[in-house]
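The primary structure of each chain is shown beneath.
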Number of protein chains: 2
Amino acid sequence: MLGLMQDWPLLIHRIIDHAAIQHANREVITRSIEGPFHTTTYADIRARSLKVAKRLAKEGVNPGDRIATLAWNTWRHMEVWYGVTGVGAVYHTLNPRLFEDQLAYIANHAEDRLMFLDLTFVGLMEALQDRIPTVRRFIVLTDAAHMPQTSLRGAIAYEDWINEVDGDFAWVRLDENTAAGMCYTSGTTGNPKGVVYSHRSNVLHGMMCMAPDVLGLSSRDTVLPIVPMFHANSWSLAFSGPMSGARMVMPGMKLDGASVYELLEHGKVTITAAVPTVWLMLLQHMEANDLRPTTLERVVIGGSACPRSMIETFESRYGVSVRHAWGMTEMSPIGSSGMVKPDYGELDREALFDLKVKQGAAPFGVEMKITNDAGEDLPWDGKTFGRLKTRGPAVASAYFRNEGGEILDADGYFDTGDVATIDPYGSMQITDRAKDVIKSGGEWISSIDIENLAVGHPDVAEAAVIGVAHPKWDERPLLVIVRKEGRAPDRAEILAWMEGKIAKWWMPDDVVFVDEIPHTATGKIQKMELRGQFANYRLPTA
Amino acid sequence: MLGLMQDWPLLIHRIIDHAAIQHANREVITRSIEGPFHTTTYADIRARSLKVAKRLAKEGVNPGDRIATLAWNTWRHMEVWYGVTGVGAVYHTLNPRLFEDQLAYIANHAEDRLMFLDLTFVGLMEALQDRIPTVRRFIVLTDAAHMPQTSLRGAIAYEDWINEVDGDFAWVRLDENTAAGMCYTSGTTGNPKGVVYSHRSNVLHGMMCMAPDVLGLSSRDTVLPIVPMFHANSWSLAFSGPMSGARMVMPGMKLDGASVYELLEHGKVTITAAVPTVWLMLLQHMEANDLRPTTLERVVIGGSACPRSMIETFESRYGVSVRHAWGMTEMSPIGSSGMVKPDYGELDREALFDLKVKQGAAPFGVEMKITNDAGEDLPWDGKTFGRLKTRGPAVASAYFRNEGGEILDADGYFDTGDVATIDPYGSMQITDRAKDVIKSGGEWISSIDIENLAVGHPDVAEAAVIGVAHPKWDERPLLVIVRKEGRAPDRAEILAWMEGKIAKWWMPDDVVFVDEIPHTATGKIQKMELRGQFANYRLPTA
Ligand SMILES: Nc1ncnc2c1ncn2[C@@H]1O[C@H](COP(=O)(O)O)[C@@H](O)[C@H]1O
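Residues numbered from 1 in each chain as written. Chains lettered and ligands numbered in written order. Predicted model: local features only at pLDDT ≥ 70, side-chain atom pairs only at ≥ 80, totals over all residues. Heavy atoms only, no water.

1. Some thoughts on the overall build of chain A
- Each helix and strand in chain A was counted, giving 15 helices and 24 strands.
- At 23 Å, chain A has a C-alpha radius of gyration in line with the 24 Å of a compact globule built from 542 residues.
- Along the longest, intermediate and shortest principal axes, the C-alpha atoms of chain A span 70 × 65 × 45 Å.
- Sequence-distant contacts in chain A: of pairs separated by 6 or more residues, those separated by 24 or more amount to 66%.
- Split by element, the accessible area of chain A, about 19,200 Å² in all, is 49% carbon and sulfur.
- Side-chain charges in chain A split into 54 positive and 69 negative, and the spacing between the mean points of these groups amounts to 2 Å. (Helix = DSSP H or I, 4+ residues; strand = E, 2+ residues; numbered from the N terminus. Rg over C-alpha atoms; globule rule 2.2 N^0.38 Å. Contact = heavy atoms within 4.5 Å. Areas by Shrake-Rupley, 256 points an atom, 1.4 Å probe, with all protein chains shown as cover. Lys, Arg positive; Asp, Glu negative; His and termini not counted. Charge placed at Lys NZ, Arg CZ, Asp CG, Glu CD.)

As structure tokens, this is what we get:
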């Protein structure tokens, strides 16, 4: 027996329709790539998305075609997403921080048919266009006045392109499981792999993210998504923003401390989301210039582990509540959120920060487990580490063209490649990437814990821990440190400072100082590279 | 091209699974029907729901079978819902306030196979059981110690019944569109009609309700659902409660002012939901005894129009934020919520209350329109009334056994039978039931507006306005009033007080005082009955 409820498929266009009807005049402010601030509304974004859709149809784009975007967070990028999905095509975000070879590989693998790109990337694509022949045309996200001379195939300014049609178009009616978006993720091995979001997964994930214990977005919020649309769906904000009717501030390309601070204030932002590196720049800028955020209430931090000192600074110095979140491209991306459940009782500041360092609990719509290498469930005791596996309607079941083969276990769980503990109340803490875990005498040592501790030292700017070969223990931790400018802590000082704060057998066997630690295109520490650099390093204990 | 996301159907058991994993020890406290407070947890409710499911399977219940409940809001009622849906059967809530004939009609129409009932209703069902032969067995929601002597067919105490099995059971895997629940609604004409919820609609509706602009439920809330599970799914709370991990307080059968006050305090409730009548009793009790709620933050009021004076009292006197909501059985039930969008700018108290009197805006997942009788769209100007029509994944598409035939218009909208205005920012205000609107000289007069005004008079306990035949104007409004105890306002005083607060031509042509206004089983004013009583009333103006 079936229910007798309406057939209302979870389609992305319904989000922008809702925003345009219920929150028509809510502003979306962007620091445009051309320079000045630009203001539009949800009603206008919808109207222009309909033009995008109509223009795409006229361009000969068919349902299922992949349409690349190489763009910062702007109102135009949002219009493209809604227009592309509204015609049944698939937005495919390219990460401009990738190497040219990777970009070419990805665009070819996806067989992108058109590309929307920001002014910033015209030069890059001029150099690359011959290697990506499937892209028939390049649409530059600007107007005629700012359109550069360019050799890009079929180049046209976005504003000219959409003005070739009116907005009289009906969103294409689709099955909710239709592909809507695509984002490649550089796995641990091999080529990048494509994650393919559906209309359903993006809508459900957006609804999940609106909840108070996740992002808690309301129509009275102003949200600044610093986390890029080209990286894991900007943590749902291009969907959950309009869904909730929150006002939006889009940062464009300038993510330095001064620019972000200006945006927070100019835009009267109440909630924002980004990776720790961005917050580091903001905090340094505010400290150096004796500034405070005046409207900001909440900051969502994820993408890599948020250091305790950062939580402390935001909360204690600036009165901004921190929510640490974890996720990944394969999870749309939110997987957990640092909700403070009542189970923890009354927490003093220190205990609260200890809790907030954890990546948080799975909201409704995400199931988690930790297992050992044999796939057996491990206890949720807050101590035992295991491979973190997840299930849910917005979690990948496979990669595009089945690269990497079967990625789910027998119970349908996806192996995140992270190693984590989960405490009795469900708060998960990432201890490592599975491949970065240090195996010392058969036991696992979490590199992230040691790194977090090390960056808490006042003279340390950045820290990374890798396992280095050891004759007796197999592997032992080596701590690699970038010192803060003008500071010169030495090995003994760092080790003495760490002493007693972690288990004895977790203490690094050595400390080295470097000028720079290598990062991936998405801002994470490149441990593989670092392990290469120190492959022949001889520990003093060895 | 399809997305590559996991197949994770939206099934109700996932809600209680989530709660039992992520919020295992969160309490569910009930004022039990037997008397004392009873405390359990989500983990325990899930464990016992699995027993219910297993026991139902053993009872021979098949997927699709309707299982009646005639019960107050208690933990056992929740267990039954999760158990019933977890085995693929359909919970069918019976409203104990219905007449026996209606109950018999409904149980027979649904062909209920089993019935779970509270101790309160054993007598009622003993009298009725011969008229509802499809019900093979009656399970009394109590334990052996409290089990009465009864002639009910196959009667057994719930605790004995579930203890015949262990909880080793796997939820039945279902299509998410499978029927999950059923609730009959007494339409305007003819017999009650069955609304059939699906797993998908209940899950999506629950997610929608969690959002900050609807109920805004978090794991730090304690929610008291006074609105009954037997009436419109207790406004999602039996789902959105566990979904968000909110602590729950269940009121059992005692809904008088003193009992509700005690619950609020004993349970440390932060948010609660009920119809205005319940709040009237609470407010009177608090006023009479000089009490204040000490933990309550938010109150959700709906089911019938919330008088402005009630909003004012909660907000100004008690510092409790009021959210006025509108919905109906056919909408799962939430259709709108009194979110205060920033479009309204800075509001002083009076302006805020004026806004809060409106039933609010549609959240993501509900689409609205107002039309004239010809089905043409009317403007959202806050003045033009029209028939309110809605669309969404948790809105009915038909009634059980297709009673009432086609209920959607050509665009798939359901006609709610309400008449409303919608303002330019999307806030809807119910002005009447379509059948209660007063047609004066071809123009519509909203009875609800006049009623709201009248109950604002300090001596008025309740007010109803109906149209009475008039030779010149066709119909004119008659105001029917129940005076507050010990007060004796007269006609002239009431009319003088209303003067200038509504349009002149809306002023009632007469006022009559009665001891009681008839109510429906769901607590609404029974206008049809009232019109019957005053069918031959001669207006002084006639
Ligand atoms: N907040 C409200 N204000 C006015 N009428 C309401 C409100 N909420 C519900 N109703 C009425 O109750 C009807 C639904 O009744 P029911 O299906 O029994 O819940 C709606 O169609 C409205 O007429």
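2. Things to note about the environment of Met507(B)
All names here are of chain B.
- For Met507, the position within the fold is in the loop between helix H14 (491-498) and strand S24 (510-513).
- C-alpha separation for the pair Met507 and Leu495, spaced 12 residues apart in sequence, amounts to 7.8 Å.
- Setting aside residues up to four positions removed in sequence, Met507 forms contacts with Arg476, Pro477, Leu495, Met498, Glu499 and Ile502.

3. A closer look at the site of the ligand
Residue and element names in this part refer to chain B.
- The full set close to the ligand counts 16 residues, and Ala325, Thr329, Asp418, Arg433 and Lys524 are the nearest of them.
- Gln359 is positioned such that a nitrogen or oxygen atom in its side chain is 2.7 Å from a nitrogen atom of the ligand.
- A distance of 2.5 Å separates an oxygen atom of the ligand from a polar atom in the side chain of Asp418.
- Isolated, the ligand exposes 490 Å² of accessible area, and the fraction of that covered by the protein chains is 91%.
- When the residues that make up the shell around the ligand are grouped by side-chain class, the tally is 4 nonpolar, 9 polar and 3 charged. (Near = heavy atom within 4 Å. Polar contact = N/O pair within 3.5 Å; in protein donor to acceptor, adjacent residues only side chain to side chain. Nonpolar A, V, L, I, M, F, W, Y, C, P; charged D, E, K, R; others polar.)

4. Notes on the relation of the copies chain B and chain A
- Placing chain B over chain A gives an RMSD of 0.2 Å and needs a rotation angle of 180°, together with 0.0 Å of translation along the axis. The transformation just described matches what one would write down for a two-fold rotation axis. Residue Ala211(B) of chain B places its C-alpha closer to the rotation axis than any other residue of that unit, at 2.4 Å. (Least-squares fit on C-alpha atoms with pLDDT ≥ 70 in both.)

5. Overview of the packing of helix H2 (residues 42-58) of chain A against helix H3 (residues 75-86) of chain A
Residue and element names in this part refer to chain A.
- Running from N to C, H2 and H3 point in directions that differ by 55°, and their axes come no closer than 7 Å. Taken together, the axes of H2 and H3 are oblique relative to one another. For the pair H2 and H3, the crossing hand works out as right-handed. Along the contact surface, H2 presents Tyr42, Ile45, Arg48, Ser49, Val52, Ala53 and Leu56, while H3 presents Trp75, Arg76, Met78, Glu79, Val80, Tyr82, Gly83 and Val84.
- Grouping the amino acids of the contact of H2 with H3 by side-chain chemistry returns 10 nonpolar, 2 polar and 3 charged. (Axes fitted to C-alpha atoms, helices over the stretch in contact; angles between N-to-C directions. Parallel < 35°, antiparallel > 145°, perpendicular 65-115°, else oblique. Left-handed = near helix turned anticlockwise from the far one by under 90°.)

6. Structural notes on helix H8 (residues 237-244) of chain A
All names here are of chain A.
- Across the 8 residues of H8, 8 count as buried, placing the element largely inside the fold.
- Among all positions in H8, only Leu237, Ala238, Phe239, Ser240, Gly241, Pro242, Met243 and Ser244 are buried.
- Directly after H8, the chain includes Gly245, whose backbone phi takes a positive value near 80°. (Buried < 20%, exposed > 50% of the residue type's maximum accessible area, 1.4 Å probe, protein only.)

7. With respect to the side chain of Asp213(A)
- Mapped onto the fold, Asp213(A) is located in the loop between helix H7 (199-210) and strand S10 (222-225).
- For Asp213(A), which is buried and forms no salt bridge, the nearest opposite charge comes from Arg323(A), at a distance of 4.4 Å.
- If sequence neighbours within four positions are ignored, Asp213(A) has contacts with Arg323(A), Ser337(A), Met339(A), Ser218(B), Ser219(B) and Ser244(B). (Salt bridge = Lys/Arg side-chain N within 4 Å of Asp/Glu carboxyl O.)

8. Some words on the confidence of the model for chain A
- Mean pLDDT over chain A works out to 95, with 99% of the residues at or above the 70 mark.
- Predicted as a complex, the structure gets a pTM of 0.92 and an ipTM equal to 0.92. (pLDDT = per-residue confidence, 0-100.)

9. As for helix H11 (residues 308-318) of chain A
Residues and elements named next belong to chain A.
- Turning to H11, its buried residues number three or more, namely Met310, Ile311, Thr313, Phe314, Glu315 and Tyr318.
- Of the surrounding elements, those touching the buried residues of H11 are helix H10 (276-289), strand S13 (298-301), strand S14 (321-327) and helix H12 (349-357).
- Positive phi appears at Gly319, one or two residues downstream of H11, with a value of about 65°.

10. Looking at the sheet that holds strand S4 (residues 90-93) of chain B
Residues and elements named next belong to chain B.
- An order of S7-S6-S5-S3-S4-S8-S9 is seen for the 7 strands of this open sheet, with the pairing classed as mixed. The open sheet has two edge strands with one neighbour each: strand S7 (156-157) and strand S9 (193-198).
- Two elements, strand S5 (residues 114-117) and strand S6 (residues 137-140), share 4 bridges in a ladder whose sense is parallel. Bridging from a neighbouring strand, Leu114 pairs with Arg137 of S6. (Pairing = 2+ DSSP bridges.)

11. Details of the packing of aromatic side chains
Residue and element names in this part refer to chain A.
- Applying the stated criterion across every chain yields a total of 29 aromatic pairs over all chains.
- Look at Tyr344 and Tyr425: their rings are 5.1 Å apart centre to centre, the planes differ by 85°, and that puts the pair in the edge-to-face class. Here Tyr344, found in the loop between strand S15 (334-337) and H12, pairs with Tyr425, found in the loop between strand S18 (414-422) and strand S19 (428-433); they are 81 residues apart in sequence, far enough to count as distant.
- Tyr344 sits in the buried class, given a relative accessible area of 18%. (Phe/Tyr/Trp six-rings, centres within 6.5 Å; stacked < 30°, edge-to-face > 60°.)

12. Thoughts on the interface of chain B and chain A
- In this assembly, 75 residues from chain B lie in contact with 75 residues from chain A.
- Buried surface at the junction of chain B and chain A, summed over both partners, amounts to about 5,900 Å²; 60% is from carbon and sulfur atoms.
- Where chain B meets chain A, there are 6 salt bridges.
- Salt-bridge contacts for Glu367(A) lead to Arg14(B); the nearest nitrogen and oxygen are separated by 3.8 Å.
- Where chain B meets chain A, there are 32 residue pairs in polar contact (both at pLDDT 80 or more).
- Going through the elements one at a time, helix H1 (13-22), strand S8 (179-185), S9, helix H7 (199-210), helix H8 (237-244) and strand S17 (386-391) of chain B are the ones with two or more residues in the side of chain B that touches chain A.
- When residues in the side of chain B that touches chain A are grouped by element, the largest group, 7 residues, is from H7(B). (Buried area = accessible area lost by both parts, 1.4 Å probe.)

13. Regarding the UniProt feature "domain: AMP-binding enzyme C-terminal" (unreviewed entry) in chain A
- According to UniProt, the feature "domain: AMP-binding enzyme C-terminal" (unreviewed entry) maps to residues 450-524 of chain A in the numbering used here.
- The straight-line gap between the two end C-alpha atoms of residues 450-524 of chain A is 16 Å; of that span, 19% is helix and 33% is strand. (UniProt positions renumbered as here; feature names shortened; annotations may be inferred.)

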